[in-house]
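Observations on the three-dimensional arrangement
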Amino acid sequence: MSRSSCLSVVALAAFLLLPTPSTSGDEPAKPELWRTYDFHVISQDGKPVAGAVVKPWQVAYGRGSMGLGKALEATLTTDAEGKFELAIPKDAAFIPTVETYGIRSLAFHIDHPNHPTW
């Protein structure tokens, strides 16, 4: 099944642990991160898709799947190189489950005016 306008998501880097920098002054404290995942949205011919609207919605693990939670289901947009990052805070509700059973996949809804929704 080949469509030249299909989008694909390729995991570029996973399981990065990033320390949270300390904040001072009026800046709100950033949550401590559990992991970050970097993705690249490309067209079927391998070109980056800039400005794609990405809606994360599910994590699959060894025995099923579950929602990511409202905060992580916020809309993201790809940059000029078609990249976006999903930063998962340490307090995300699904973490105990995926630490026990492992992450099988992350699901996203990706939309762009030049490409069909799939």
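Since we're looking at a predicted model, the values are computed, not measured.

What counts, and where the lines are drawn
Residues numbered from 1 in each chain as written. Predicted model: local features only at pLDDT ≥ 70, side-chain atom pairs only at ≥ 80, totals over all residues. Heavy atoms only, no water. Helix = DSSP H or I, 4+ residues; strand = E, 2+ residues; numbered from the N terminus. Buried < 20%, exposed > 50% of the residue type's maximum accessible area, 1.4 Å probe, protein only. Contact = heavy atoms within 4.5 Å. pLDDT = per-residue confidence, 0-100. Core = buried A, V, L, I, M, F, W, Y, C linked by side-chain atoms within 4.5 Å.

For the rest of this paragraph, the subject is the overall build of the protein. Scanning the protein for helices and strands turns up 1 helix and 7 strands. Of the regular secondary structure in the protein, the N- to C-terminal order runs β-β-β-β-β-β-α-β. Burial analysis of the protein (118 residues in total) assigns 29% to the buried set. The long-range fraction of contacts in the protein, counting pairs at least 24 apart against all pairs at least 6 apart in sequence, stands at 67%.

Moving on to the confidence of the model for the protein. On average, residues of the protein score 81 in pLDDT, and 75% of them reach the 70 mark or higher. Throughout residues 1-23 the model reports pLDDT below 50, and contacts reaching past four residues in sequence, or to other chains, amount to 59 contacts.

Another point: the nonpolar core. Counting residues in hydrophobic clusters, the biggest one holds 21 residues, and the most contacted among them are Ile88, Phe94, Leu106 and Phe108. Mapped onto this core, the elements with two or more residues apiece are β2 (33-43), β3 (53-61), β6 (83-89), α1 (95-101) and β7 (103-111). Per-element tally for this core: the top contributor is β2, with 4 residues. With sequence-adjacent residues up to four places away left out, phenylalanine 108 is seen in contact with Phe39, Val54, Lys55, Pro56, Trp57, Phe84 and Leu86.

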